[in-house]
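A closer look at the structure
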Amino acid sequence: MKRLIMNRFVTGLFCMLMTLPVIAQEDELKDLPGYVDFGDLSVTYGEPKITINLGGTMLNFVGMMSSAESPETSELISKLKGIRVQIYNTDDNADAARSQFSKTKSNLKSSGWEPVVQINEDDEQVLVYMKMDGGNMEGMTVMVVGDDEAVFVNIIGQLNPAELGRVMESFDVDVDLDLD
Amino acid sequence: MNEYDEKWEDRINALLDGELSAADADLLKAEASDDRELARAIVEAYQLQQVMDTVNVERAPDSLRKRLRAIPAEQQPKPAFRLFQPRWAAALAAIPLVIIAVSLMQPDKPSESEIAQARQDMAIAFAYLDKAGMMTGREIESTVGQTMANAVTGSVNRAIQSQNLTSKEKEV
């Protein structure tokens, strides 16, 4: 076995190089328990008007950059493993979005997600689900489907909603949303 | 060599050499099923062993072996420089591969503009979470009144009030 150890430095690199492309292609978020598949509504609505996919690597960098100016923000980000957002313009034709909403809701239920908030209005549906593992949050999903737009948000990792406001203040980023 | 290599090397080597007891082997495999780094270390060690096993050492012809043995020990030239031994030559040749491998294994550091964009994206995502929270609060408020709404969504509402968001749709 000493032979193996002595030469590992030399020849192990070949094996490592062979496996690198495979590792690079792994989609880290899809393997996480907090990941939610929102399907693809682009056939109906075209490309989402907003698509956000932030993985652990980028979040780590953002957290590191935030550590000096706001340790609190850095602490919050360090608990996140991924952030995904898809927002479609539904243009008064939300049937496909509502269908996807129901399908995703069914999948969440069967996957052990727990409903937190559910609003069923004629013109708008809101759903908030959380995935817990014991006392730890593994993910949060927010889906909002209205006449004008369909919003699908998936937070992977731990997040305390009460800390959102403080974090956004520390970001000092203008976000223009229609909150009506 | 990462921490897993150092921690598990003896057990992995024993596993590959068949020197691990069945119980210990099962335990290691069970641990590997929950630990991707450990599993990868085992796979790499196994692949390495496979590669090494394919390296055949050709036996010199008997005539050559006899002639070599006939050379008195004092006449055998000493290696001028031990660095040129095949093992070290291979190691030297591997240095560029080390550099390439290490550089490829390192996550690319995003530029400042990419990080700024990521912060913007996070802010948008969080704003939509707050938006959902506010809609929830409004729904509860319209259903059971202001007191209950504040009790349930107070933290979210406070966060929203502090953000002072403008009312124009964000286009990316």
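Residues numbered from 1 in each chain as written. Chains lettered and ligands numbered in written order. Predicted model: local features only at pLDDT ≥ 70, side-chain atom pairs only at ≥ 80, totals over all residues. Heavy atoms only, no water.

Looking now at the overall build of chain B. Helix and strand counts for chain B stand at seven helices and zero strands. Tracing chain B from N to C terminus, the helices and strands come up as α-α-α-α-α-α-α. Every one of the 172 residues in chain B was classed for burial, and the buried ones make up 33%. The contacts in chain B between residues at least 6 apart in sequence include a share of 41% that link residues at least 24 apart. Element-wise, carbon and sulfur atoms account for 55% of the exposed surface of chain B, whose accessible area totals about 11600 Å². (Helix = DSSP H or I, 4+ residues; strand = E, 2+ residues; numbered from the N terminus. Buried < 20%, exposed > 50% of the residue type's maximum accessible area, 1.4 Å probe, protein only. Contact = heavy atoms within 4.5 Å. Areas by Shrake-Rupley, 256 points an atom, 1.4 Å probe, with all protein chains shown as cover.)

Residue and element names in this part refer to chain A. Most of strand β2 (residues 80-89) is tucked away, with eight of its 10 residues classed as buried. Examined bridge by bridge, strand β1 (residues 50-54) and β2 share five bridges and lie antiparallel to one another. Bridge pairing in β2 links N53 to R84. Note: β2 against strand β6 (residues 149-157), nine bridges, orientation antiparallel. Counted as the bridge partner of Q86 is F152 from β6. (Pairing = 2+ DSSP bridges.)

A word on a nonpolar patch on the surface. Residue and element names in this part refer to chain B. A surface patch of nonpolar side chains, about 230 Å² in accessible area, is lined by L64, L68 and I71. Of note, L68 is situated in helix α4 (residues 62-70). Residue classification places L68 among the partly exposed positions, given a relative accessible area of 46%. (Patch = residues over 30% accessible without salt bridge, like charges linked within 9 Å, V, L, I, M, F, W, Y side chains within 5 Å. Salt bridge = Lys/Arg side-chain N within 4 Å of Asp/Glu carboxyl O.)

Residues and elements named next belong to chain A. Taken as a whole, this structure holds four salt bridges over all chains when the rule is applied. A salt bridge links E75 to K79; the shortest N-O distance between them is 3.8 Å. Owing to a relative accessible area of 45%, E75 belongs among the partly exposed residues under this scheme.

Keep in mind these numbers describe shape, not what the thing actually does.
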